Amino acid sequence: MAFAPDQWEDTLREVAAACGTGRAQLVAFGGPNFIPFNRTNDIDPAFITDFPQIDGGSPEVNWRVACAGAPFQLARETDYAEARKRIRRGVYDDFVSQFDLPYGCQCVLTQKPGLMIGMAVLRHHADGWSSSEDCESFLALAPHVLEAVRTQLAIGEEASHLLSNSLDAMQALALVLDGFGHIRSITPAADLMLRNGDVLRAYGERLSAARIASDLVLQKAIADILSERAASARLILQGEDMTEVACHLVAYPRREHEFGFAPRILVLLKQPEQLGASHAEDLVRMFGLTISEAHVAIAAANGLSREQIARTRKKSAGTVNAQFKSIFRKMDVSREAELVSFINRILR
């Protein structure tokens, strides 16, 4: 049996019919409420949209997931009954009751850390339990489905690498994230930035920011794009030494036949240009700062703390503090954050 990626509905319908019922499901789990792929033929759309909302990927909620075993290990109604005894919450019972799909059989097709792809046939009360013949037909079809899944995963991997190669040719600071938020490919320039780890770093397969506050912002932006709550995000991320990196995240269109490994987010990185001596001269001319005060103001706008400014300029903390007071007065600002924002607006 051929499993065509652009004909999920028809193929799942054929799988279901061969197993004596009307519905089959192909689903990928990346976590309790992260379901990068979920296709069930001839089903109420709410079955798909509500599934992540109930943490449908959690074995503590979903007794079908709790029955997941090794690849091609069959689970069926008797296993579901045992799993129900271990799950105290009735959320999934209510869910399957709503759609009248309490019976069926299933197996895992492939799994790796952070990913499980499985297939199931779903049966109504009127269909009754799966027969031995139904289960045999299901297991006979599963290897053919797996071959199509592997092909689709390979296509997703290749798409990520082709995109990365194109960006590398342009010497871009760029990464490609897949549907799980994992780094699938990265240009050498971006890889070097992550290895330095001053602002961004790779934590396992995940992109993370060095500072906790910046990482919270970054992870939210990634999650929003993966869940399609946003199509893009522009962030300024700061490192421990106040170094900044501009981060632009852009979503790729999601195709229904993907399993999570295809490109989902393009991350473009850019280190903001540092202000220099010519900008210090602009501050002298525009606001009457001394050249020393102007260099202090420029250093602050470039992200240096007062302690770092004192150290790099070989001045005492008292001298630098006095210079800031003079700068505030001449530029009509009241605090350092206001000064930095003002300089960046007029000079960058």
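Values in this document were obtained by computation on a predicted structure and should not be read as measured data.

Caption draft 1: Quick peek at the overall build of the protein. Looking only at helices and strands, the protein has 13 helices and 11 strands in total. Considering only contacts within the protein whose residues lie at least 6 apart along the sequence, 56% involve residues at least 24 apart.

Caption draft 2: Here's a closer look at the packing of aromatic side chains. Considering all chains together, one arrives at 11 aromatic pairs under this definition. Pairing Phe29 with Phe51 gives two aromatic rings, centres 6.2 Å apart and planes at 45 degrees, and the pair type is tilted. With Phe29 in strand S1 (residues 23-29) and Phe51 in the loop between helix H2 (45-49) and helix H3 (63-66), this pair connects stretches of sequence that are 22 residues apart. Overall, Phe29 belongs to the buried group, its relative accessible area being 11%. Ring geometry for Tyr92 and Phe95: centres 5.9 Å apart, planes at 25 degrees, overall stacked. With Tyr92 and Phe95 both in helix H5 (residues 91-99), this residue pair falls 3 residues apart, about one helical turn.

Caption draft 3: Region of the structure containing helix H8 (residues 212-226). Relative to the 21 Å expected for 15 residues at 1.5 Å per residue, H8 spans 21 Å between its end C-alpha atoms, a close match to the ideal helical length. In this structure, the buried side of H8 is in contact with strand S5 (174-177), strand S7 (200-203), strand S8 (206-209), strand S9 (232-238), strand S10 (244-251) and strand S11 (265-270). Glu228, located one to two residues past H8, shows a positive phi value of around 65 degrees.

Caption draft 4: View of the packing of helix H10 (residues 291-301) against helix H13 (residues 336-347). Direction vectors running N to C along H10 and H13 enclose 90 degrees, while the axes themselves pass 9 Å from each other. Our classification of the angle between H10 and H13 gives roughly perpendicular. Where H10 approaches H13, its residues Ala297, Ile298, Ala300 and Ala301 are matched on the opposing element by Glu336, Val340, Ile343, Asn344 and Leu347. The class makeup of the residues in the contact of H10 with H13 is 7 nonpolar, 1 polar and 1 charged.

Caption draft 5: View of the environment of Ala209. As for its position among the elements, Ala209 is in strand S8. Sequence-wise, Ala209 and Gly239 are 30 residues apart; in three dimensions their C-alpha atoms are separated by 7.6 Å. Discounting residues that sit within four places of it in the chain, Ala209 has contacts with Val199, Leu200, Ser214, Asp215 and Leu218.

Caption draft 6: Layout of the pairing of S8. Judged from the 4 bridges that link them, S7 and S8 form a sheet pairing that is antiparallel. Residue Tyr203 lies in a different strand from S8, and its bridge partner there is Arg206. Between S7 and S8, which pair antiparallel one after the other, the connecting turn spans 2 residues, and Gly204 there sits at a positive phi close to 65 degrees.

Caption draft 7: Here's a closer look at the pattern of salt bridges. Following the criterion strictly, the structure yields 16 salt bridges and no others. With a shortest N-O distance of 3.1 Å, Lys85 and Glu82 are connected by a salt bridge. One end of the pair, Lys85, and the other, Glu82, are both in helix H4 (residues 77-86), 3 residues apart, so they sit about a helical turn from each other. Residue Glu82 is classed as partly exposed on the basis of its relative accessible area of 42%. With a closest N to O distance of 2.9 Å, Asp191 and Arg195 form a salt bridge. One end of the pair is Asp191 and the other is Arg195, both in helix H7 (residues 188-196) and 4 residues apart, which spans about a single turn. One continuous salt-bridge network, built from bridges that share partners, spans Glu9, Asp10, Arg13, Arg39 and Asp42.

Cut-off values and rules
Residues numbered from 1 in each chain as written. Predicted model: local features only at pLDDT ≥ 70, side-chain atom pairs only at ≥ 80, totals over all residues. Heavy atoms only, no water. Helix = DSSP H or I, 4+ residues; strand = E, 2+ residues; numbered from the N terminus. Contact = heavy atoms within 4.5 Å. Phe/Tyr/Trp six-rings, centres within 6.5 Å; stacked < 30°, edge-to-face > 60°. Buried < 20%, exposed > 50% of the residue type's maximum accessible area, 1.4 Å probe, protein only. Expected span 1.5 Å × (residues − 1). Axes fitted to C-alpha atoms, helices over the stretch in contact; angles between N-to-C directions. Parallel < 35°, antiparallel > 145°, perpendicular 65-115°, else oblique. Nonpolar A, V, L, I, M, F, W, Y, C, P; charged D, E, K, R; others polar. Pairing = 2+ DSSP bridges. Salt bridge = Lys/Arg side-chain N within 4 Å of Asp/Glu carboxyl O.

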